Amino acid sequence: MKLIIGIGGVTNGGKTTLTNKLMQALPNCCVIHQDDFFKKPDRIEVGEDGFRQWDVITSLDMEAMVNTIKGWQENPVKFARSHGVSVTPKAEEQEPDNAIHILIVEGFLLHNYQHILDVYDQRYYIAIPKEECKRRRSTRTYTVPDPPGLFEGHVWPMYLKHRKEMENNCNGIEYLDGLKSKEEIYNQVYESIHNNLLNRL
Ligand SMILES: Nc1ncnc2c1ncn2[C@@H]1O[C@H](COP(=O)(O)OP(=O)(O)O)[C@@H](O)[C@H]1O
Ligand SMILES: NC(=O)c1ccc[n+]([C@@H]2O[C@H](COP(=O)(O)O)[C@@H](O)[C@H]2O)c1
């Protein structure tokens, strides 16, 4: 059985933290990070506001991300091996459909890409308020560091726009409160994945 879990959410909401904890607990679990598909800085458009427009879907090579998901769907065991994920001996021996294989896809614009909304068996979205988001982001350094004013001028307005679009176009999302402790969020999601797996077995 193959299960694909989509963890979307605002920048610095806690997507990676949650994903890492789930990966340690779930069997045969691979991950795809949307951030790994950012285009090179010279291919990111500069807006009228003077900022490079990082926080839009066209800044990402979504075709490559979809192909990576397809690679996992075609052969999760091979995908796991080539990504350094250990597979249980039982899953190694059996056909992929007879063992549990899980893929977590995480990213800030996951539920805004119409072409693959259906690929996820379960969808989550983590949100935190603006001030907490700004605080957490100020402690982080990206491959291209934020220029002054990017958060207020680009990141947060784009988040509000995309969030509205997502709410209008995407159903079946389980919303998570990113202000809860890391443990609480993890427990909530682990339990919900566990219940989903039990229902499918
Ligand atoms: N539930 C939480 N409570 C407090 N801080 C958190 C929580 N989850 C994540 N963080 C912190 O917020 C920052 C961003 O977390 P991260 O998981 O990298 O976010 P994202 O992948 O959504 O950008 C990190 O410093 C992380 O330790
Ligand atoms: N990884 C990169 O190459 C890169 C470059 C510039 C900005 N970013 C930022 O990454 C953010 C999304 O990632 P997080 O959800 O992990 O914060 C976006 O808000 C974007 O501004 C990433």
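Since this is a predicted model, take the numbers as computed values, not measurements.

Thresholds applied
- Residues numbered from 1 in each chain as written.
- Chains lettered and ligands numbered in written order.
- Predicted model: local features only at pLDDT ≥ 70, side-chain atom pairs only at ≥ 80, totals over all residues.
- Heavy atoms only, no water.
- Near = heavy atom within 4 Å.
- Polar contact = N/O pair within 3.5 Å; in protein donor to acceptor, adjacent residues only side chain to side chain.
- Nonpolar A, V, L, I, M, F, W, Y, C, P; charged D, E, K, R; others polar.
- Salt bridge = Lys/Arg side-chain N within 4 Å of Asp/Glu carboxyl O.
- Helix = DSSP H or I, 4+ residues; strand = E, 2+ residues; numbered from the N terminus.
- Areas by Shrake-Rupley, 256 points an atom, 1.4 Å probe, with all protein chains shown as cover.
- Axes fitted to C-alpha atoms, helices over the stretch in contact; angles between N-to-C directions.
- Parallel < 35°, antiparallel > 145°, perpendicular 65-115°, else oblique.
- Left-handed = near helix turned anticlockwise from the far one by under 90°.
- Contact = heavy atoms within 4.5 Å.

Lining the immediate surroundings of ligand 2 are 13 residues, of which Thr11, Lys15, Asp55, Arg137 and Tyr142 lie closest. A distance of 2.9 Å is found between an oxygen atom of ligand 2 and a side-chain nitrogen or oxygen belonging to Asp35. Here an oxygen atom of ligand 2 and a side-chain polar atom of Tyr142 are 2.5 Å apart. Of the residues belonging to the shell around ligand 2, the class tally is 5 nonpolar, 3 polar and 5 charged.

Close approach of charged atoms allows side chains of opposite charge to pair. Counted under the stated rule, the structure contains 10 salt bridges. For Lys130, the salt bridge identified is with Glu152, shortest N-O distance 2.9 Å. Taken together, the residues span a long stretch of sequence, with Lys130 in helix α5 (residues 130-138) and Glu152 in helix α6 (residues 150-169) at a distance of 22 residues. When salt bridges that share partners are traced, they join Lys130, Lys134 and Glu152 into one network.

The environment of ligand 1 is made up of 14 residues, and the closest members are Asn12, Lys15, Thr16, Thr17 and Lys180. In the complex, the protein chains occlude 76% of the 560 Å² of accessible area that ligand 1 would expose alone. The set of elements that each furnish at least two residues to the shell around ligand 1 consists of α1 (15-25) and α7 (182-200). Among the elements that take part in the shell around ligand 1, α1 stands out by supplying 3 residues, more than any other. In terms of residue class, the shell around ligand 1 is built from 2 nonpolar, 7 polar and 5 charged.

Glancing now at the packing of α1 against α7. Contact pair α1 / α7: the axes reach a minimum separation of 10 Å and the direction vectors enclose 50°. Of the possible angle classes, the one that applies to α1 and α7 is oblique. Judged by the sense of rotation from one axis to the other, the crossing of α1 with α7 is right-handed. Together, Thr17, Leu18, Lys21, Leu22 and Ala25 of α1 and Lys182, Glu183, Ile185, Tyr186, Val189, Tyr190 and Ile193 of α7 make up the contact between the two elements.

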